[in-house]
Amino acid sequence: LGRSSYLALLAEAYWRTGQVDDGLAALDQAFTAVTDHAICFNEAELHRLRGELLVLRGDTQEGEACFDRALAIKPRYVEALLNRGLVLQRSGMGESADRDFERALELDPDHPFARATLLHARMGYCDWRTYEQETRRVIADVRAGLIPTGSNQLNIGNLLFGTSISSDHTFSTGKIGIGTTSPN
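Residues numbered from 1 in each chain as written. Predicted model: local features only at pLDDT ≥ 70, side-chain atom pairs only at ≥ 80, totals over all residues. Heavy atoms only, no water.

**Student:** Even after reading the chapter, I still don't get the overall build of the protein chain, so can you show me in this structure?
**Tutor:** Helix and strand counts for the protein chain come out as nine helices and two strands. The secondary structure elements of the protein chain, listed N-terminal to C-terminal, are α-α-α-α-α-α-α-α-α-β-β. Here the protein chain, with 184 residues, has 46% of them falling under the buried criterion. The long-range share in the protein chain, meaning contacts at least 24 apart out of those at least 6 apart in sequence, stands at 42%. (Helix = DSSP H or I, 4+ residues; strand = E, 2+ residues; numbered from the N terminus. Buried < 20%, exposed > 50% of the residue type's maximum accessible area, 1.4 Å probe, protein only. Contact = heavy atoms within 4.5 Å.)

Here you go:
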């Protein structure tokens, strides 16, 4: 039981450093440990991690299937919803992606990445109804330290909003895309 949790942590470390094959090998061992013990408290997490590694390798269809398996085990799994939504979004299935992002926000209304991801998706098809309100919330999340400076989420936010955020949380605005203005 503890072995599968340890191997999941190892696989996540491999994922974060881009070592896909090592991460998948660790997950193979974790799934073997689960099979041998017929019980696992983190099986959904194992499927989500496998999905993230497969997507990183470029196998988005199998990655999406892993997120589906994780959600079949744990339907309220916010991280699996977000990951599947990102895969769907990249595949041109915006409405399905939005449903996943919206469901993630229903489950965790304060999840900063879910909010930023849904905002990004809506910007992609010019849905500006909640742009100002959601932009302010994402910026507030940055200021509160919920999205750390230098994080992938913040980098996405910088691209989305045409802003640059320094380590002291000061903002400057650039001109990208449709010519956004400062959310301040």
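The rest of the description comes next.
**Student:** Which parts of the structure should I look at to understand the environment of Glu132?
**Tutor:** Along the chain, Glu132 turns up in helix H8 (residues 131-143). Owing to a relative accessible area of 52%, Glu132 belongs among the exposed residues under this scheme. In this structure the C-alpha to C-alpha distance between Glu132 and Leu119, which are 13 residues apart in sequence, comes to 9.9 Å.

**Student:** Explain the environment of Leu9 to me, please; I cannot follow it from the model alone.
**Tutor:** Note that Leu9 resides in helix H1 (residues 2-16). Once the C-alpha coordinates of Leu9 and Ala26 are considered, the two residues, 17 residues apart in sequence, prove to be 9.2 Å apart.

**Student:** Teacher, can you tell me more about the packing of aromatic side chains here?
**Tutor:** The description of an aromatic ring pair uses the distance of the two centres, along with the angle that the planes make with each other. Overall, the coordinates contain zero aromatic pairs when judged by the stated rule. Lys74 extends its terminal NZ or CZ atom over the ring of Tyr77, reaching a point 4.6 Å from the ring centre. (Phe/Tyr/Trp six-rings, centres within 6.5 Å; stacked < 30°, edge-to-face > 60°. Lys NZ or Arg CZ within 6 Å of the ring centre and 35° of its normal.)

**Student:** How do you make sense of the nonpolar core when you look at a structure like this?
**Tutor:** Ranked by size, the top nonpolar core spans 19 residues in total, and within it Tyr77, Leu82, Phe101 and Ala104 carry the most contacts. In terms of residue count, the dominant contributor to this core is helix H5 (residues 78-90) (six residues). The next biggest cluster of nonpolar side chains, apart from the first, holds 15 residues, and it includes Val20, Leu24, Leu46 and Leu53. (Core = buried A, V, L, I, M, F, W, Y, C linked by side-chain atoms within 4.5 Å.)

**Student:** Is there a simple way to explain helix H4 (residues 60-73) in this structure?
**Tutor:** Residues that lie three or four places apart on an α-helix share one face, since the helix turns once every 3.6 residues. With 14 residues, H4 extends 20 Å between its outermost C-alpha atoms, agreeing within 8% with the 20 Å of an ideal straight helix rising 1.5 Å per residue. Along H4, the positions that sit buried rather than exposed are Gly63, Cys66, Phe67, Ala70 and Leu71. Across the axial projection of H4, the buried residues extend over an arc of 135°, all falling on one side. Seen from the open side of H4, the exposed residues pointing more than 90 degrees away from its buried face are Gln61 and Ala72. In this structure, the buried residues of H4 make contact with helix H3 (43-57) and H5. (Expected span 1.5 Å × (residues − 1). Arc of directions from axis to C-beta.)

**Student:** Explain the packing of H5 against helix H6 (residues 94-107) here, please?
**Tutor:** A pair of packed helices is characterised by two quantities: the angle between their axes and the separation of those axes. For the pair H5 and H6, the least separation of the axes is 8 Å and the interaxial angle reads 160°. The angle between H5 and H6 places the two elements in the roughly antiparallel class. Crossing hand, H5 versus H6: left-handed. On the side of H5, the interface is formed by Val78, Leu81, Leu82, Arg84, Gly85, Leu86, Leu88 and Gln89, while H6 contributes Ser96, Ala97, Asp100, Phe101, Arg103, Ala104 and Leu107. (Axes fitted to C-alpha atoms, helices over the stretch in contact; angles between N-to-C directions. Parallel < 35°, antiparallel > 145°, perpendicular 65-115°, else oblique. Left-handed = near helix turned anticlockwise from the far one by under 90°.)

**Student:** Would you take a moment to explain H3 for this structure?
**Tutor:** The first and last C-alpha atoms of H3 sit 21 Å apart over 15 residues, in line with the 21 Å expected at 1.5 Å per residue. Buried residues dominate H3, accounting for eleven of its 15 residues. Inspection of H3 places Ala44, Leu46, His47, Arg48, Leu49, Arg50, Gly51, Glu52, Leu53, Leu54 and Val55 among the buried residues, and these make up the whole buried set.

**Student:** What is the right way to look at the packing of H3 against H5 in this model?
**Tutor:** At a minimum axis distance of 10 Å, the contact between H3 and H5 shows a crossing angle of 25°. Classified by the angle between their axes, H3 and H5 sit roughly parallel to one another. Classified by chirality, the crossing of H5 by H3 is left-handed. In this structure, H3 contributes Arg48, Glu52 and Val55 to the contact, and H5 contributes Glu79, Ala80, Asn83, Val87 and Arg90. For the contact of H3 with H5, the residue count by class is three nonpolar, one polar and four charged. (Nonpolar A, V, L, I, M, F, W, Y, C, P; charged D, E, K, R; others polar.)

**Student:** Whenever I open this one, the pattern of salt bridges confuses me. Can you help?
**Tutor:** With the rule as written, the count across this model stands at eight salt bridges. Residues Glu12 and Arg16 are paired through a salt bridge, measuring 2.8 Å at the closest nitrogen-oxygen approach. Within this pair, Glu12 and its partner Arg16 are both found in helix H1, separated by four residues, close to a single helical turn. On the basis of relative accessibility, which here comes to 60%, the residue Arg16 falls in the exposed class. (Salt bridge = Lys/Arg side-chain N within 4 Å of Asp/Glu carboxyl O.)

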